[in-house]
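Here are the chains, one letter per residue:
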Amino acid sequence: MVLLSFYDSVSFSQESSTTNTWLLLQARLDFKNYFHVIELGHRRQDAFLTRHRQSLFRYAFSYQTNSKRTGFGGGIACFIHERKGIGVLETEIRPFLQVTHLFPLKNKQLQLRFRNEFRLFDRTTKDQNRLRFQVLFSHSLVNKFHAKLIYFNEWFYSFGVTKPWEWRGGITILQPVSKNWKLGAGYIYQNNENSPIRNIHIIQVSGLYEFLLN
């Protein structure tokens, strides 16, 4: 299965605001109990398209057990960040290990994910060992439009920094508009104690196109 997504968002805080556009291509492959994901992403900033902000490649694999409800796996990601204000590109290599568990319910789904990632930078940013714990809950609305509500919370803990905690959470509604297309809108709040901008509010619209490769 291949999923092509785009996200336009407005991020703002008391100090500043900016606009972003994300384009993400994701390919997923199930083979027996093995699950593979490859992602390519590109993000632009300021007037949505003016300036390169980030590019990424990510590969993840998982071995599914317990009727494919529990997954053990890992992967690696490569990011190219542009540091705002200095125009310098910085590469980040991010290997990770993770465990996931899915609780399927009637018209609902609860998923937990625990990830340990190692953030390795090639310039001035200090390398980090970071833990992440995510709770994701989706609820299919019982109506003729077949909309879905998605809630998530994610906590981060970075070792070796003065203020190690970060948290973000949000809500999105997805509406199918055809066999392959879905449109979405949502809100995300992010709190990072170790960042110059601690509280960030994000309003986001999205489009998702999903298709199968034979």
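These notes cover the structure that comes with them. (Residues numbered from 1 in each chain as written. Predicted model: local features only at pLDDT ≥ 70, side-chain atom pairs only at ≥ 80, totals over all residues. Heavy atoms only, no water.)

1. Considering the packing of aromatic side chains
Step number 1: The final tally for this structure, using the stated rule, is nine aromatic pairs.
Step number 2: Seen in terms of ring centroids, Phe133 and Trp155 are 6.2 Å apart; in terms of plane orientation they differ by 25 degrees. Their pairing is stacked. One end of the pair, Phe133, is in strand β8 (residues 128-140); the other, Trp155, is in strand β9 (residues 148-158), and 22 residues separate them in sequence.
Step number 3: Three or more aromatic residues joined by ring pairs make a cluster, and in this case those are Tyr157, Phe159 and Trp165.
Step number 4: In this structure, Arg115 packs its charged tip against the face of Phe96, placed 4.3 Å from the ring centre. (Phe/Tyr/Trp six-rings, centres within 6.5 Å; stacked < 30°, edge-to-face > 60°. Helix = DSSP H or I, 4+ residues; strand = E, 2+ residues; numbered from the N terminus. Lys NZ or Arg CZ within 6 Å of the ring centre and 35° of its normal.)

2. Describing unusual backbone geometry
Step number 1: Here Asn66, not a glycine, exhibits a phi torsion of approximately 55 degrees, which is positive.
Step number 2: Position of Asn66 relative to the elements: it lies in the loop between β4 (51-65) and β5 (70-83).
Step number 3: By relative accessible area, Asn66 is classed as partly exposed at 47%.
Step number 4: Even without a glycine there, the phi angle at Lys68 is positive, about 65 degrees.
Step number 5: Within the secondary structure layout, Lys68 lies in the loop between β4 and β5. (Buried < 20%, exposed > 50% of the residue type's maximum accessible area, 1.4 Å probe, protein only.)

3. Some remarks on the sheet that holds strand β12 (residues 199-211)
Step number 1: Strand order in the closed barrel formed by twelve strands is β1-β2-β3-β4-β5-β6-β7-β8-β9-β10-β11-β12, with antiparallel pairing between adjacent strands. Geometrically, the sheet is characterised by an average inter-axis angle of 20 degrees between neighbouring strands, direction not taken into account.
Step number 2: Inspection of the sheet shows strand β2 (residues 17-31) paired to strand β3 (residues 34-45) by twelve bridges, in the antiparallel sense. Looking across to β3, one finds that Leu23 is bridged to His42. (Pairing = 2+ DSSP bridges. Axes fitted to C-alpha atoms, helices over the stretch in contact; angles between N-to-C directions.)

Purely geometric stuff here, so don't read any function into it on its own.
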